[in-house]
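# Observations on the model geometry
Chain by chain, the residues:
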Amino acid sequence: NTDMIEYPLLSDALNIIKDTDKTVLLDIKGIDKDINVALELEKVINNTLVDNDKILISSFNESYLSEIHTILPEQKLGYITCNTPYKNFNFIPKYISFLSLDCNIVNQNVVTNVKNTKRELFVWTIKNKDNLDRIKHINGIDYFISDVAL
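Small disclaimer: the values here were computed from a predicted structure and weren't measured.

Analysis parameters
- Residues numbered from 1 in each chain as written.
- Predicted model: local features only at pLDDT ≥ 70, side-chain atom pairs only at ≥ 80, totals over all residues.
- Heavy atoms only, no water.
- Helix = DSSP H or I, 4+ residues; strand = E, 2+ residues; numbered from the N terminus.
- Expected span 1.5 Å × (residues − 1).
- Buried < 20%, exposed > 50% of the residue type's maximum accessible area, 1.4 Å probe, protein only.
- Arc of directions from axis to C-beta.
- Contact = heavy atoms within 4.5 Å.
- Polar contact = N/O pair within 3.5 Å; in protein donor to acceptor, adjacent residues only side chain to side chain.
- Right-handed = clockwise from strand over helix to strand, strands pointing away.
- Lys, Arg positive; Asp, Glu negative; His and termini not counted.
- Salt bridge = Lys/Arg side-chain N within 4 Å of Asp/Glu carboxyl O.
- Disulfide = S-S within 2.5 Å.
- Axes fitted to C-alpha atoms, helices over the stretch in contact; angles between N-to-C directions.
- Parallel < 35°, antiparallel > 145°, perpendicular 65-115°, else oblique.
- Left-handed = near helix turned anticlockwise from the far one by under 90°.
- Nonpolar A, V, L, I, M, F, W, Y, C, P; charged D, E, K, R; others polar.
- Pairing = 2+ DSSP bridges.

So, about helix α2 (residues 37–48). When the terminal C-alpha atoms of α2 are compared, their 16 Å separation across 12 residues agrees well with the 16 Å that a helix rising 1.5 Å per residue should span. Turning to α2, its buried residues number three or more, namely Val37, Ala38, Leu41, Ile45 and Thr48. Down the axis of α2, the smallest arc covering the buried residues is 110 degrees, so these residues share one side. Elements that come into contact with the buried residues of α2 comprise α1 (10–17), β1 (24–28), β2 (55–59) and α3 (62–71). Among the residues of α2, the N-terminal cap falls to Asn36, whose side-chain oxygen and the backbone nitrogen of Ala38 are separated by 3.1 Å. Phi for Leu49, located one or two positions after α2, is positive at around 60 degrees.

Here it is in structure tokens:
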């Protein structure tokens, strides 16, 4: 069928950034139970020879992150949450390098609590100027994630 769309593979994206100063953020969502995502990621990363610091992996699912950490212990991993934040983020496993929080739950107190854990903070998804205006003056946010140009 000539109408088929060919989507790039993860290996294609990693090969593009391999010799640049770019970084890729991979969000691991629901996964087919027959696939060991940690082993598959290890294969792709090893085959493309991309430095670990150019790949950030995040997920809502802590068990996925735990499996990835077991196989790729040097990989930067992030925990995504959209729930009302805890006052203390110290419950998060030590191997988690960064947190990724829904912009709707972010305020200065939340950011301060995250930064007290010595982790980087990603805030998602900035969908409009109102979202951006509300959080752009909060100190301590390291990265914004958006799916629109602002």
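The structure having been displayed, the exposition proceeds.
Take the pairing of β1 next. The alternating pattern of β1 places Val24, Leu26 and Ile28 on a buried face and Leu25 and Asp27 on a face that is not buried. Of the crossover connections in this fold, the one passing from β1 over α2 to the parallel β2 is right-handed.

This next bit is on the environment of Leu25. With respect to the helices and strands, the residue Leu25 is situated in strand β1. By relative accessible area, Leu25 is classed as partly exposed at 31%. Along the primary structure Leu25 and Leu56 are separated by 31 residues, whereas in three dimensions their C-alpha atoms are 4.7 Å apart. Aside from chain neighbours lying at most four places away, what touches Leu25 is Leu56, Ser58, Phe98, Phe122 and Ile145.

So, about the side chain of Asp102. Structurally, Asp102 can be placed in strand β4 (residues 96–102). For the buried Asp102, no salt bridge is present, and the opposite-charge side chain at shortest range is Arg134, 6.5 Å distant. A distance of 2.8 Å separates a polar atom in the side chain of Asp102 from the backbone nitrogen of Asn104. Aside from chain neighbours lying at most four places away, what touches Asp102 is Thr81, Cys82 and Trp124.

Next up on the list: the state of the cysteines. For the structure shown, the criterion picks out zero disulfides. For the unlinked cysteine Cys82, the closest cysteine sulfur is that of Cys103, found at 11 Å. By relative accessible area, Cys103 is classed as buried at 1%.

Interaxial distance between α2 and α3 falls to 8 Å at its minimum, and their mutual angle equals 45 degrees. Classified by the interaxial angle, the pair formed by α2 and α3 is oblique. α2 and α3 meet at a crossing whose hand is right-handed. On α3, the residues that touch Ala38, Leu39, Leu41 and Glu42 of α2 are Glu67, Ile68 and Ile71. Of the residues in the contact of α2 with α3, the class split is five nonpolar, no polar and two charged.

Turning our attention to the environment of Leu41. Tracing the backbone through its elements, the reader meets Leu41 in helix α2. With residues near it in sequence (within four places) discarded, Leu41 still touches Leu10, Leu26, Ile28, Ile57, Ile68 and Leu72.

In this section: the pairing of strand β5 (residues 120–126). Burial analysis of β5 places six of its seven residues in the buried class, which makes it a mostly covered element. Relative to β5, β4 runs parallel, the two sharing five bridges. Its bridge partner being in β5, Asp102 is matched across the sheet by Trp124. The sheet contact formed by β5 and strand β6 (residues 143–146) spans three bridges and is parallel. Residue pairing across strands places Val123 opposite Phe144, the latter belonging to β6. On the question of chirality, the crossover connecting β5 to the parallel β6 by way of helix α5 (residues 129–135) is right-handed.

Don't take any of this as a statement about function, it's just geometry.
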